[in-house]
Amino acid sequence: MNTDSTKMCQKLRKGNSISKADMDVSNFDVFNDGTTLVIINNGKENRFTERGIADLYKIVKSNSDMLRNACVLDKAVGKAAAALMILGGAKQVNTPRISTPALGLLKSANVEVNYRDEVPLILNRMKSGSCPMESLCSESNDPEEIFRLIDNFINNKKHGSNS
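Residues numbered from 1 in each chain as written. Predicted model: local features only at pLDDT ≥ 70, side-chain atom pairs only at ≥ 80, totals over all residues. Heavy atoms only, no water.

Novice: What am I meant to see in the nonpolar core here?
Specialist: General note: in soluble globular proteins, nonpolar side chains tend to be found buried as a group. Counting residues in each nonpolar core, the largest one holds 37 residues, and the members touching the most others are Val 77, Leu 106 and Ile 150. Of all the secondary structure elements, the ones that give two or more residues to this core are β1 (37–41), α3 (54–61), α4 (79–88), β4 (92–99), α5 (100–108), β5 (112–119) and α7 (143–161). Sorting elements by how many residues they give to this core places α4 first, with seven residues. What Ile 150 contacts, discounting residues up to four positions off in sequence, is Ile 53, Tyr 57, Ala 80, Leu 84, Met 133 and Leu 136. (Core = buried A, V, L, I, M, F, W, Y, C linked by side-chain atoms within 4.5 Å. Buried < 20%, exposed > 50% of the residue type's maximum accessible area, 1.4 Å probe, protein only. Helix = DSSP H or I, 4+ residues; strand = E, 2+ residues; numbered from the N terminus. Contact = heavy atoms within 4.5 Å.)

Here it is as structure tokens:
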């Protein structure tokens, strides 16, 4: 099966960039199997399935080089995800949906960005307001500060759930 998203992944594995035109015609079927994030680096494709920024956070927290000079396909990119991608050293981000703050942050870091739809912000899962991570980092444009905010949030959440 050679779908549009599969073709995009193949282009990225071969070291080729994908264009805005590729984004416009893709149906992003790569996300149909529960995949939420694809990282392609040195021809190797890594797929992840956790919700939100969990996988990106773990990769950056572990000091992995997986994102260094990588091409990323993400289901939706908010400002927190953008900061993590910048800290990890991603060179290209591809997504069907990106928030305006995330787009600005990635562009200011000279990361190539391809997207289909720009939205004012990423919504929470209930679609009743802003994503908690988008809200958390709304006041900062410093990826390292945003990482500290995310790290504190996650650590506080872990400690709170053990009570």
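Novice: Explain the packing of α4 against α5 to me, please; I cannot follow it from the model alone.
Specialist: Helix-helix packing: each pair is described by the crossing angle between the helix axes and the interaxial distance. Relative orientation of the contacting elements α4 and α5 amounts to 15°, with a least axis distance of 8 Å. The angle between the axes of α4 and α5 places the two elements in the roughly parallel class. Considering only the axes of α4 and α5, their crossing is right-handed. Residues Lys 79, Ala 82, Ala 83 and Ile 86 of α4 pack against Pro 101, Ala 102, Leu 105 and Leu 106 of α5. (Axes fitted to C-alpha atoms, helices over the stretch in contact; angles between N-to-C directions. Parallel < 35°, antiparallel > 145°, perpendicular 65-115°, else oblique. Left-handed = near helix turned anticlockwise from the far one by under 90°.)

Novice: Explanation requested: the sheet that holds strand β2 (residues 44–48) in the structure shown.
Specialist: Strands in a sheet are paired, the pairing made by backbone hydrogen bonds, and the direction either parallel or antiparallel. Across the sheet, which stays open at both edges, the five strands sit in the order β2-β1-β3-β4-β5 with mixed pairing between neighbours. Single-partner strands in this sheet number two, and they are β2 and β5. Between one strand and the next, the sheet's axes are offset by a mean angle of 15°, whatever the strand orientation. Bridging between β4 and β5 involves seven bridges; their strand directions are parallel. (Pairing = 2+ DSSP bridges.)

Novice: For this particular structure, what's the right way to read the side chain of Thr 35?
Specialist: Structurally, the position occupied by Thr 35 is in the loop between α2 (20–25) and β1. Note on Thr 35: relative accessible area 3%, which makes it buried. In this structure the side chain of Thr 35 is engaged in a polar contact, spanning 2.6 Å, whose partner is the side chain of Asp 33. (Polar contact = N/O pair within 3.5 Å; in protein donor to acceptor, adjacent residues only side chain to side chain.)

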